[in-house]
Amino acid sequence: MKVNVHVSLKPGVLDPQGRAIHHALEGLGFAGVNDVRAGRLIELDVADDTSDAALDDMCRKLLANMVIENYRIEKVG
Amino acid sequence: MAFTAGVITFPGSNCDRDMAVAIEAVSGKPAARIWHGDAALPDRIDFIAVPGGFSYGDYLRSGAMAAKSPIMRAVAEAAGRGVPVLGVCNGFQVLTETGLLPGALMRNAGIHFVCREVPLVVGNNQSLFTAKYEAGQEIVIPVAHHDGNYYADDAMLDRLEGEGRVVFRYVENPNGSARDIAGVLNDAGNVLGMMPHPERMIEPAHGGTDGRALFESVFEGLSVA
């Protein structure tokens, strides 16, 4: 089973990388970019019988830092 | 008296030798060098240092992989027994990722790697790690990091300040850290994480000796220095 884990900074947590990307986009002349937040995509290939609880556990114990990040699990096939 | 300090080394640590040299210079006793894959600490361990560097290449997040290494389970267990633990720079990141310290260290607000000497104020000189400093004393210690931007939610920041756990603050914030925090204690007061490198300010030849009192504080507290 292919699973995508999307890790993103919690709302309100300053994102220096997103801000730098924002500035770079503006520097390239792209107008109308209101905000940029940078996250991380982790692609997992796991056994088909991997439980949702186990996937949650992987995210909370390692893939995301719950102090500053949220995660979203997406099963892609 | 018997005294054993240990310095943990992960793949990618690069301040471990400096830390061991500093510990020996102040305590007069060589530090045990402990590899990340070891499952246990030495039978006797009085002080543990988690050094700076780029453990595991900063993969995933700075300190995230090291925090899951076998030795950190033993470090957490020792910290729970009250053994003093000092995490510097990447060591601070490892301790937050391990859950031994609150908060997280994010990318510097200015994006750039910051490598320079910075003035700090000693926020609390009643701690195990700062007893030899004066309250409010200004000291100079170098920083060298990319991810030193301390973050915790407001409730936790209020708590850290209220409980005297912010032991070092930046005079000029180099990285965007919340409330200028450079170093924090755990709630029991025996675990300190800080981004600046006290082990680099031990002898006059280093350009200053302001880091020495930190080690003296701990070792005198343990009656070994």
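Predicted model, so just to flag it, every value in this text is computed and none were measured.

Caption draft 1: Structural view of the overall build of chain B. Within chain B, the regular secondary structure consists of six helices and 11 strands. The C-alpha radius of gyration of chain B comes to 16 Å, within 12% of the 17 Å expected for a compact globule of 225 residues. Projected onto its principal axes, the C-alpha coordinates of chain B cover approximately 40 × 40 × 35 Å. Here the contacts in chain B between residues at least 6 apart in sequence split such that 74% fall between residues at least 24 apart. When the accessible surface of chain B is summed, it comes to about 8,400 Å², and 49% of that surface belongs to carbon and sulfur atoms.

Caption draft 2: Structural view of the sheet that holds strand 10 (residues 181-185) of chain B. All names here are of chain B. The nine strands lie next to each other as 2-1-3-4-11-10-9-6-7, forming an open sheet whose pairing is mixed. The strands lining the two open edges of the sheet, one partner per strand, are strand 2 (32-35) and strand 7 (138-145). The average undirected angle you get between the axes of adjacent strands in this sheet is 25 degrees. Both strand 1 (residues 5-9) and strand 3 (residues 47-50) contribute to a ladder of three bridges, which runs parallel. Considered in strand 3, the bridge of V7 is made with A49. Helix 4 (residues 90-98) rests against strand 3, strand 4 (85-88), strand 10 and strand 11 (191-194) of the sheet, and its axis sits at about 120 degrees to strand 4.

Caption draft 3: Summary view of the pairing of strand 9 (residues 166-170) of chain B. Residue and element names in this part refer to chain B. Of all five residues in strand 9, four are buried, a share of seventy percent or more. Alignment of strand 9 against strand 10, held across three bridges, turns out to be antiparallel. Looking across to strand 10, one finds that F168 is bridged to G183.

Caption draft 4: Region of the structure containing the interface of chain A and chain B. Each partner contributes residues to the interface: chain A has 17 residues there, and chain B has 14 residues. At the boundary of chain A with chain B, total buried surface from both sides reaches about 1,300 Å², with 67% on carbon and sulfur atoms. Summed over the shared surface of chain A and chain B, the result is one salt bridge. Taken together, the connections running from chain A to chain B amount to five residue pairs in polar contact (both at pLDDT 80 or more). Sorting the residues of the side of chain A that touches chain B by element identifies helix 1 (16-27), strand 2 (40-45) and helix 2 (52-63) of chain A as the ones contributing at least two each.

Caption draft 5: View of the side chain of A:T50. Residues and elements named next belong to chain A. Structurally, T50 can be placed in the loop between strand 2 and helix 2. At 2.7 Å, the side chain of T50 forms a polar contact with the backbone oxygen of A47. Leave out the neighbours within four places in its chain, and T50 touches M1, L55 and M58.

Caption draft 6: Examining the pattern of salt bridges more closely. All names here are of chain A. Applying the stated criterion across every chain, the model contains 18 salt bridges over all chains. A salt bridge links R60 to D57; the shortest N-O distance between them is 3.8 Å. Remark: D57 and R60 occur in helix 2; sequence separation between them is three residues, near one turn of the helix. The exposure class of R60 is partly exposed, given its relative accessible area of 44%. Of the residues examined, D57 reaches a relative accessible area of 30% and is grouped as partly exposed.

Caption draft 7: Up close: the UniProt feature "active site" (unreviewed entry) in chain B. All names here are of chain B. Listed under "active site" (unreviewed entry) in the UniProt record, and renumbered for this structure, are C89, H197 and E199. A stretch of 111 residues holds the annotated residues, and the largest C-alpha distance among them is 11.0 Å, short enough that they meet in one place. Not counting residues up to four positions away in its chain, the partners in contact with H197 are C15, G52, V88, C89, I141, P142, V143 and A144. Those residues in contact with E199 that sit more than four places away from it in its chain are C15, D18, M19, A22, V88, H206 and F215. A polar atom in the side chain of E199 sits 2.8 Å from the side chain of H197.

Cut-off values and rules
Residues numbered from 1 in each chain as written. Chains lettered and ligands numbered in written order. Predicted model: local features only at pLDDT ≥ 70, side-chain atom pairs only at ≥ 80, totals over all residues. Heavy atoms only, no water. Helix = DSSP H or I, 4+ residues; strand = E, 2+ residues; numbered from the N terminus. Rg over C-alpha atoms; globule rule 2.2 N^0.38 Å. Contact = heavy atoms within 4.5 Å. Areas by Shrake-Rupley, 256 points an atom, 1.4 Å probe, with all protein chains shown as cover. Pairing = 2+ DSSP bridges. Axes fitted to C-alpha atoms, helices over the stretch in contact; angles between N-to-C directions. Buried < 20%, exposed > 50% of the residue type's maximum accessible area, 1.4 Å probe, protein only. Buried area = accessible area lost by both parts, 1.4 Å probe. Salt bridge = Lys/Arg side-chain N within 4 Å of Asp/Glu carboxyl O. Polar contact = N/O pair within 3.5 Å; in protein donor to acceptor, adjacent residues only side chain to side chain. UniProt positions renumbered as here; feature names shortened; annotations may be inferred.

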